[in-house]
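# A closer look at the structure
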Amino acid sequence: MARNLGRYGVLFSAIIVVHLLWGAFHVHQTGWIGYLRTLIINICLHVLDYLTSTATSENLDTMERSGIPRYWALVIAAFNLATGTLLPAIVTIYFVGPVEYRFDLSLVLTVLFSLAIADITFYCFHMYLHRNLPHLHLMHHCCKRTSYTTNAFFHPLDLIMEFSGPALSLIILVRYVFRDPFALLVGLAVLPTWYVRKEEWSRRKMSSPQLPYTRDRPCCYCDILLGKLWDT
């Protein structure tokens, strides 16, 4: 994340994690005003990432070479930023209700189990996209450079399947099975943080020397995703 910031890159990553963890609690306390505040901060962080790192531009270049116009990718990213956190906000404002802040074994186990189920849901949707709807998933796999903006470059239907699906599984499980409002609030705070960090780890792994197709040609990973292998 934000490698071009040099020594400030770690600080920028820490700010993002704090923002994501704090967001759900702030929205719960302040409602839609808090949601607008977190949305503005999130947009500013994406703009800062774009201005200070070459990753976004390189990823947009890869999208253009793969048939996705730059302007269209930016429009989709803006749409995702504006709407992508609406579901958690609605749940946080209208369904969490009063909570009692605590830290105990029950909270830890409930959150960990719910996140595990959400991750399994994510994996199932992810594999379905790879096998049946690769054209929807192409945009995200063109993002070969890890950056905070990477999380905005999804086809909207891809975003709904991969992130709203896991979020709904967590919400239903914690709200209606465990009936633990505070665990739901913590889960809604941790889930996006986990996916942002996991995305960075997976991108680093994807660019390793053990996967030569990610370093030889700029669009080859996207082509492999679509089943179009290079002749050489």
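Conventions used here
- Here the residue numbers are simple positions, counted from 1 along each chain's written sequence.
- Per-residue local features of the predicted model are confined to residues with pLDDT of at least 70, and side-chain atom pairs are confined, for both listing and counting, to 80 or more; whole-chain, interface and lining totals are unaffected and use all residues.
- Neither water nor hydrogens contribute to the side-chain values; these are computed over all heavy atoms in the structure.
- Exposure above 30% relative accessible area and no salt bridge define the residues that can form patches, which grow by joining like charges within 9 Å and nonpolar side chains of Val, Leu, Ile, Met, Phe, Trp and Tyr within 5 Å.
- To measure how exposed things are, a 1.4 Å probe is used in the Shrake-Rupley method; for residues, cover is taken only from the protein chains shown.
- For this analysis, a salt bridge means a side-chain nitrogen from Lys or Arg found within 4 Å of a carboxyl oxygen belonging to Asp or Glu.
- A run of H or I in DSSP counts as a helix once it spans at least four residues, and a run of E counts as a strand once it spans at least two, with each numbered from the N terminus.
- Partly exposed residues are those whose accessible area sits between 20% and 50% of the maximum for their type, while under 20% is buried and over 50% is exposed, using a 1.4 Å probe and protein chains only.
- Polar contacts, as counted here, are pairs of nitrogen or oxygen atoms within 3.5 Å of one another; within protein the pair requires one atom able to donate a hydrogen and one able to accept it, and residues that are adjacent in sequence qualify only if both atoms are side-chain atoms.
- Residue contacts are defined here by distance: any two heavy atoms, one from each residue, within 4.5 Å place the two residues in contact.
- Here, axes are lines fitted to C-alpha atoms. For helices the fit covers the stretch in contact, and angles between N-to-C directions go from 0 to 180 degrees.
- Throughout, the term roughly parallel applies to angles under 35 degrees, roughly antiparallel to angles over 145, roughly perpendicular to angles from 65 to 115, and oblique to all others.
- When the near helix sits turned anticlockwise from the far one by under a right angle, the crossing is termed left-handed; a clockwise turn instead gives a right-handed crossing.
- Polar here means any residue other than Ala, Val, Leu, Ile, Met, Phe, Trp, Tyr, Cys and Pro, which are nonpolar, and Asp, Glu, Lys and Arg, which are charged; Gly is therefore polar.
- For the purposes of this section, nonpolar cores are sets of buried Ala, Val, Leu, Ile, Met, Phe, Trp, Tyr and Cys residues that join through side-chain atoms within 4.5 Å.
- Here a Phe, Tyr or Trp ring, Trp counted by its six-membered ring, pairs with any other such ring whose centre lies within 6.5 Å, and the pair is stacked when the planes are under 30 degrees apart, edge-to-face when over 60, and tilted otherwise.
- Any Lys NZ or Arg CZ that is within 6 Å of a ring centre and within 35 degrees of that ring's normal is treated as a charge sitting over the ring.

### Here's the deal with a nonpolar patch on the surface
On the surface, Trp32, Leu86, Ile90, Tyr94, Phe95, Phe113, Leu168, Ile172, Tyr176, Val177 and Phe178 cluster together into a nonpolar patch covering about 1000 Å² of accessible area. Secondary structure elements with two or more residues in the nonpolar patch: helix H5 (86-94) and helix H8 (156-178). At 5 residues, H8 tops the list of elements feeding residues into the nonpolar patch. For tyrosine 176, the position within the fold is in helix H8.

### Description of the side chain of histidine 141
Here histidine 141 is to be found in helix H7 (residues 134-141). Judged by relative accessible area, which is 4%, histidine 141 ranks as buried. Side-chain polar atoms of histidine 141 contact the side chain of histidine 137, separated by 3.0 Å.

### Concerning the side chain of aspartate 158
Counting through the fold element by element, aspartate 158 comes out in helix H8. A relative accessible area of 0% places aspartate 158 in the buried class. Sequence-distant contacts of aspartate 158, that is, excluding residues within four places in its chain, are made with Leu129, Leu136 and His137.

### Considering the packing of helix H6 (residues 105-132) against H8
Following both chains from N to C, one finds H6 and H8 inclined at 150 degrees, their axes separated by 8 Å at the closest point. Viewed along their axes, H6 and H8 adopt a mutual orientation that is roughly antiparallel. Like other packed secondary-structure pairs, H6 and H8 cross with a definite hand, here right-handed. Contact with H6, carried on its side by Thr110, Phe113, Ser114, Leu115, Ile117, Ala118, Thr121, Phe122, Phe125, His126, Tyr128 and Leu129, involves Asp158, Met161, Glu162, Phe163, Gly165, Pro166, Ser169, Leu170, Leu173, Val174 and Phe178 of H8 and no other residues of that element. Here the contact of H6 with H8 is composed, by residue class, of 15 nonpolar, 6 polar and 2 charged.

### A short note on the nonpolar core
Membership of the largest hydrophobic core comes to 21 residues, with the highest contact counts inside it found for Leu107, Val111, Leu170, Leu184, Leu188 and Leu191. At the level of elements, H6, H8 and helix H9 (181-206) are the ones that each hand at least two residues to this core. Top contributing element to this core by residue count: H9, with 9 residues. Ignoring anything within four residues of it in the chain, the contact list for leucine 184 reads Val91, Val96, Leu170, Ile171, Val174 and Arg175. Counting residues in hydrophobic clusters, the runner-up holds 13 residues, among them Leu60, Leu81, Ala152 and Phe153.

### Some words on the packing of aromatic side chains
Summed over the entire model, instances satisfying the criterion amount to 10 aromatic pairs. Ring geometry for tryptophan 32 against tyrosine 94: centres 6.3 Å apart, planes inclined by 55 degrees, an arrangement best described as tilted. With tryptophan 32 in helix H2 (residues 32-52) and tyrosine 94 in helix H5, this pair connects stretches of sequence that are 62 residues apart. Centre to centre, the rings of tyrosine 101 and phenylalanine 182 are 5.0 Å apart; their planes meet at 50 degrees, and the pair counts as tilted. Taken as a pair, tyrosine 101 in the loop between H5 and H6 and phenylalanine 182 in helix H9 lie far apart in primary sequence, 81 residues in all. With a relative accessible area of 46%, tyrosine 101 lands in the partly exposed category. Note on phenylalanine 182: relative accessible area 6%, which makes it buried. A network of ring pairs unites the aromatic residues Phe122, Phe154, Phe163 and Tyr195 as a single cluster. A cation sits over an aromatic face here: arginine 175 above tyrosine 176, 5.3 Å from the ring centre.

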